[in-house]
Amino acid sequence: MVSRVIPVDPFDLVIFGATGDLARRKILPGLFHRFAVGQMPEHARILGAARSDLDRATFRDLVGESLLEFVPQASGQKGLVNRFLEKLDYVRVDVTGTKGWPELAELMRPDVIRAFYLSVSPTLFGAIADNLNEHGIATPDSRIVVEKPFGHDLASAKALNADLLNGFAEHQIYRIDHYLGKETVQNLMALRFANSLWEPLWNSTHVDHVQITVAESLGVEGRGGYYDRSGAMRDMVQNHLMQLLCLTAMEPPSRLHPNAVRDEKVKVIEALEPVEPADIVRGQYRGKGAADGYRDHAGDPDSRTESFVAMKVNIGNWRWAGTPFYLRTGKKLRARASEIVVMFRDPPHMMFPKTEGLRGNALIIRLQPDEGITLRTTIKEPGPGGLRLAEVTLDMTFADALGPHAEAQDAYERLIMDVIRGDQTLFMRGDEVEAAWAWADPIIANWEDARQHPAPYDAGSSGPEDALMLMHRDGRRWREIEA
Ligand code: NAD
């Protein structure tokens, strides 16, 4: 399948924090890809802004090195890399001070789209938003992009929203959750709302339960100190898993308009019932060797932060009452695998003899690795000798079905181009983030009040035993975590 590349309008994209890890690993390589496929207009420019004392040439060299490091094919594309680097400029700005802003203002061109990517600590969002306005750099049409984490509780998320809204309107603010840029996540919307097949089944009459798993095989090595102040609930559930839950559970929006989609997502979050403590399992991994456990990496021998969480969530609305959603995420698990499993109910009457091991119909939407969709169905076991049943899967791995392009576009590339196009559909709205924190806050406060210790689990396992029990006691089981 040949992919269509729709060029975007000319733009000046300013990356605050352009010398940082995220810019070097994701944002600039993503922009290079878009340039390489011809989506970037001739008059597009990327302006790096950071604290380091660099000139334009040194910044270009730095980005050139990053591309060689993080874009496998770049070493064979020297000419292309050089043409891309010509689009780059650099301004030294300490965003909390006054220096650098007039130079940045001077560099900005009239009549092109202005976008400001804040790849810096959220503590700097307010200062940047203020300075962009004070120095006349922000225009009524310019866009501001912010990274996660968007707050660590409801109060801090509200404060960040206030910082940004003091100078930018909601339609200018793009809060990134890179999960939403994943091809399969967007496909979830296409699958649900561009096919007539699923919608009649997509409710508690036909769906027994839904499982959402985001499993990581890596631990918190190298960022243990940061992670220890956050934990799986704040780092993954409140944002990524919540977004996946919303897209799975939401009502069909009337049109593909950013606010129509986001209105439906907010309704799902608002319909979430409080989660009972007995329906949550927290875990913390033990190392395989000495000094390789979570607490070693976190640098706190008494840490009570969870590196794993599993929970049963009920959505109190007409469509989903009686169909629980089980969420699970953790670090140092047996494989890196993210997926949504929609488990359908058993047929109301089974005329065939009982066959051990049959698990029933499931639609498995795989986010990583190997993005794709699988439908598990029951068939007759081939061969003579009576009618026995067996399971077979109808598989669609995107890379096989759609060709190499299916894998080529990283979530960041897609999202940055959406910013330039002015399409907020795949970005979180302020009220959406606040609603998700309003749901998560009491759960976290409960743990803190109880000074609860997470259950230990072995690195390389599927998480604590209690997480398996969370399902078993309801007569259900998790799908195995497998790469
Ligand atoms: P980093 O520490 O590697 O880079 C920070 C950048 O900000 C540097 O370019 C630095 O020069 C600049 N900076 C810091 N203080 C400044 C100031 N006062 N004025 C001007 N520039 C200043 O951080 P990072 O890992 O690139 O992360 C950036 C943001 O993205 C953070 O909010 C982080 O939470 C978020 N994020 C990062 C990742 C990741 O994979 N690195 C993933 C998701 C979200």
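Note that the coordinates shown come from a computational prediction; the quantities given were computed from them, not determined experimentally.

> Would you explain the overall build of the chain in this entry?
Counting secondary structure elements, the chain contains 16 helices and 15 strands. The principal-axis extents of the C-alpha atoms in the chain amount to approximately 80 × 55 × 45 Å. Expressed as a percentage of its 483 residues, the buried residues of the chain come to 53%. When contacts within the chain are restricted to residue pairs at least 6 apart in sequence, those whose partners lie at least 24 apart make up 77%. Carbon and sulfur atoms provide 52% of the accessible area of the chain, an area that totals close to 21600 Å². Of the charged side chains in the chain, 56 are positive and 68 negative, and the gap between their average positions amounts to 3 Å.

> What's the story with the site of the ligand in this structure? I'm lost.
Around the ligand, 20 residues are found, and the nearest of them are Thr19, Asp21, Leu22, Arg25 and Val120. Between glycine 20 and the ligand, the recorded distance is 3.1 Å, taken from a backbone N or O atom to an oxygen atom. Between a nitrogen atom of the ligand and a main-chain N or O atom of valine 95, the distance comes to 2.9 Å. For the ligand, whose accessible area on its own is 830 Å², the fraction buried by protein is 73%. The cavity where the ligand resides is the largest pocket. With three residues, helix α1 (residues 21–36) is the largest single contributor of residues to the shell around the ligand.

> Before we go on, may I ask you to explain the pairing of strand β10 (residues 325–330) in this structure?
On a regular strand, one side chain projects to one face of the sheet and the next to the other, so that they alternate. By the criterion of burial, β10 is predominantly enclosed, with six of the six residues buried. On β10, burial covers both faces: Phe325, Leu327 and Thr329 on one face and Tyr326, Arg328 and Gly330 on the other are all buried. Sheet analysis places strand β7 (residues 207–215) next to β10, joined by six bridges and oriented parallel. Bridge pairing links threonine 213 to arginine 328 in β10.

> Even after reading the chapter, I still don't get helix α14 (residues 411–421), so can you show me in this structure?
The periodicity of an α-helix, 3.6 residues per turn, causes residues three or four places apart in sequence to face the same way. Most of α14 sits out of view: nine of its eleven residues are buried. Buried residues of α14: Ala411, Tyr412, Glu413, Leu415, Ile416, Met417, Asp418, Val419 and Ile420, and no others. Near the N-terminus of α14, the side chain that reaches the backbone nitrogen of tyrosine 412, with its oxygen 3.0 Å away, is that of aspartate 410.

> Explain the pattern of salt bridges here, please?
Two side chains bearing opposite charge may form a pair once their charged atoms approach each other closely. Taken as a whole and assessed by the stated rule, the structure comprises 35 salt bridges. With its nearest N and O atoms 2.8 Å apart, the salt bridge here joins lysine 332 to glutamate 221. Here lysine 332, found in the loop between β10 and β11 (337–344), pairs with glutamate 221, found in the loop between β7 and α8 (224–228); they are 111 residues apart in sequence, far enough to count as distant. Glutamate 221 sits in the partly exposed class, given a relative accessible area of 36%. For the salt bridge of aspartate 418 with arginine 414, the shortest nitrogen-to-oxygen distance reads 3.3 Å. Of this pair, aspartate 418 and arginine 414 are both found in helix α14, four residues apart, which corresponds to roughly one turn of the helix. By relative accessible area, which is 1% here, aspartate 418 ends up buried. A relative accessible area of 24% places arginine 414 in the partly exposed class.

> Looking at this structure, I do not really get helix α16 (residues 465–472). What am I missing?
Looking only at α16, the buried set comprises Ala467, Leu470 and Met471. Down the axis of α16, the buried set is contained in an arc of 90 degrees. They therefore lie on one face. Elements that come into contact with the buried residues of α16 comprise β7, β8 (280–286), β9 (308–313) and β10.

> Would you mind showing me how to read the UniProt feature "binding site: NADP(+)" (unreviewed entry) in the chain here?
As recorded in UniProt, the feature "binding site: NADP(+)" (unreviewed entry) lies at Gly17, Ala18, Thr19, Gly20, Asp21, Leu22, Ala23, Arg24, Arg51, Asp94, Val95 and Lys148. Set against the largest cavity, the annotated residues named above that line it are Lys148. Along the polypeptide, threonine 19 turns up in the loop between β1 (11–16) and α1. If we ignore the near neighbours within four places in the chain, the residues touching threonine 19 are Arg24, Ala50, Ser52, Leu54, Leu62 and Tyr90. Examined against the element boundaries, aspartate 21 turns out to sit in helix α1.

> Can you walk me through the sheet that holds strand β2 (residues 45–50) in this structure?
Consider a sheet: its strands pair through backbone hydrogen bonds, and that pairing is either parallel or antiparallel. Spatial ordering of the open sheet is given by β3-β2-β1-β4-β5-β6, a layout of six strands whose pairing is parallel. Sheet topology places β3 (88–92) and β6 (173–175) at the edges, where each strand pairs with a single neighbour. Looking at each pair of strands side by side, their axes are set apart by 20 degrees on average, direction ignored. Pairing geometry for strand β5 (residues 143–146) and β6, over three bridges, is parallel. Counterpart to valine 145 in the pairing with β6 is tyrosine 174.

> Can you walk me through the packing of aromatic side chains in this structure?
The geometry of an aromatic ring pair comes down to the distance between the two centres and the angle between the two planes. Counted by the stated rule, this structure contains twelve aromatic pairs. Both rings, one in phenylalanine 16 and one in tryptophan 101, keep their centres 5.7 Å apart while their planes meet at 40 degrees; by these two values the pair is tilted. On the criterion of sequence distance, the pair formed by phenylalanine 16 in strand β1 and tryptophan 101 in helix α4 (residues 101–107) is long-range, its members being 85 residues apart. For tryptophan 101, a relative accessible area of 0% puts it in the buried group. With a centroid separation of 6.1 Å and an interplanar angle of 75 degrees, the aromatic rings of tyrosine 326 and tryptophan 478 are classed as edge-to-face.

> Please explain the sheet that holds β11 as it appears in this structure.
Pairing within the open sheet is mixed, and its nine strands lie in the order β14-β13-β12-β11-β7-β10-β9-β8-β15. Among the strands making up the open sheet, the edge pair consists of β14 (389–397) and β15 (455–458). The mean angle between the axes of side-by-side strands here comes to 20 degrees, regardless of whether they run parallel or antiparallel. Helix α7 (residues 183–193) rests against β11, β12 (362–368) and β13 (372–380) of the sheet, and its axis sits at about 150 degrees to β12. Against the sheet, α16 touches β7, β8, β9 and β10, its axis set at about 15 degrees to β9.

Analysis parameters
Residues numbered from 1 in each chain as written. Predicted model: local features only at pLDDT ≥ 70, side-chain atom pairs only at ≥ 80, totals over all residues. Heavy atoms only, no water. Helix = DSSP H or I, 4+ residues; strand = E, 2+ residues; numbered from the N terminus. Buried < 20%, exposed > 50% of the residue type's maximum accessible area, 1.4 Å probe, protein only. Contact = heavy atoms within 4.5 Å. Areas by Shrake-Rupley, 256 points an atom, 1.4 Å probe, with all protein chains shown as cover. Lys, Arg positive; Asp, Glu negative; His and termini not counted. Charge placed at Lys NZ, Arg CZ, Asp CG, Glu CD. Near = heavy atom within 4 Å. Polar contact = N/O pair within 3.5 Å; in protein donor to acceptor, adjacent residues only side chain to side chain. 1 Å grid on protein atoms, 1.4 Å probe; cavity = no way out; pocket = protein on both sides within 12 Å on 5 of 7 lines; lining within 4 Å. Sits in = over half its atoms within 2 Å of the grid points. Pairing = 2+ DSSP bridges. Salt bridge = Lys/Arg side-chain N within 4 Å of Asp/Glu carboxyl O. Arc of directions from axis to C-beta. UniProt positions renumbered as here; feature names shortened; annotations may be inferred. Axes fitted to C-alpha atoms, helices over the stretch in contact; angles between N-to-C directions. Phe/Tyr/Trp six-rings, centres within 6.5 Å; stacked < 30°, edge-to-face > 60°.

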